[in-house]
Amino acid sequence: MLHIKLKKLTLPLCLCAISVLFTPSMVLAEETGPIAATKAADQKAALAKKAAERAEQKAAAEAKKAAETQKATEAPAPVEEQKATEAPAPVEEQKGK
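Everything quoted here is computed from the prediction, not taken from an experiment. Along each chain, residues carry numbers from 1 onward, in the same order as the chain's sequence is written. In view of the model being predicted, local features appear only for residues whose pLDDT reaches at least 70, and side-chain atom pairs are presented and counted only at 80 or more, with totals across whole chains, interfaces and linings using the full set of residues. For side-chain calculations, the full set of non-hydrogen atoms in the structure is used, while hydrogens and water are omitted.

S.K.: What's the story with the overall build of the protein in this structure? I'm lost.
M.R.: Labels follow the DSSP assignment, with helices taken as runs of H or I lasting at least four residues and strands as runs of E lasting at least two, numbered in each case from the N terminus. Scanning the protein for helices and strands turns up three helices and zero strands. Relative accessibility decides the category of a residue: with a 1.4 Å probe and only protein chains considered, values under 20% of the type maximum give buried, values over 50% give exposed, and everything between is partly exposed. Counting the 97 residues in the protein, one finds 0% classified as buried. When the accessible surface of the protein is split by element, carbon and sulfur atoms take 66% of a total near 9,100 Å². All accessible areas in this document rest on Shrake-Rupley with a 1.4 Å probe, and a residue is counted as covered only by the protein chains that are shown.

Here's what the structure looks like:
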């Protein structure tokens, strides 16, 4: 008699135990979905920000390099002009004495 009662109780008891075990995981899965999406969006935003900073730094470096190149090409020209204007002045003074 006890054996028959245990069989009748075993099935509902197993069903209850299984439902209790799976319920928290399903609730957790539903709750973590938006959190995971938020984290993914934050990561994408951070990567985009880093990419923008790198592009900005690269553009600044290229602009700086271009400015240095421009200065380097412009710098010798005034020096040559100064040499050209300075050279005749002492020669004229010597002729005048």
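S.K.: Can you walk me through the state of the cysteines in this structure?
M.R.: Cysteine pairs can be covalently joined through their sulfur atoms, and such a bond is termed a disulfide. Two cysteine sulfurs form a disulfide in these notes if their separation is within 2.5 Å. For the structure on display, the rule yields zero disulfides. In this model Cys14 remains outside any disulfide bridge; the closest cysteine sulfur is found in Cys16, 9.4 Å from its own. Looking at Cys16, the relative accessible area reads 47%, which means it is partly exposed.

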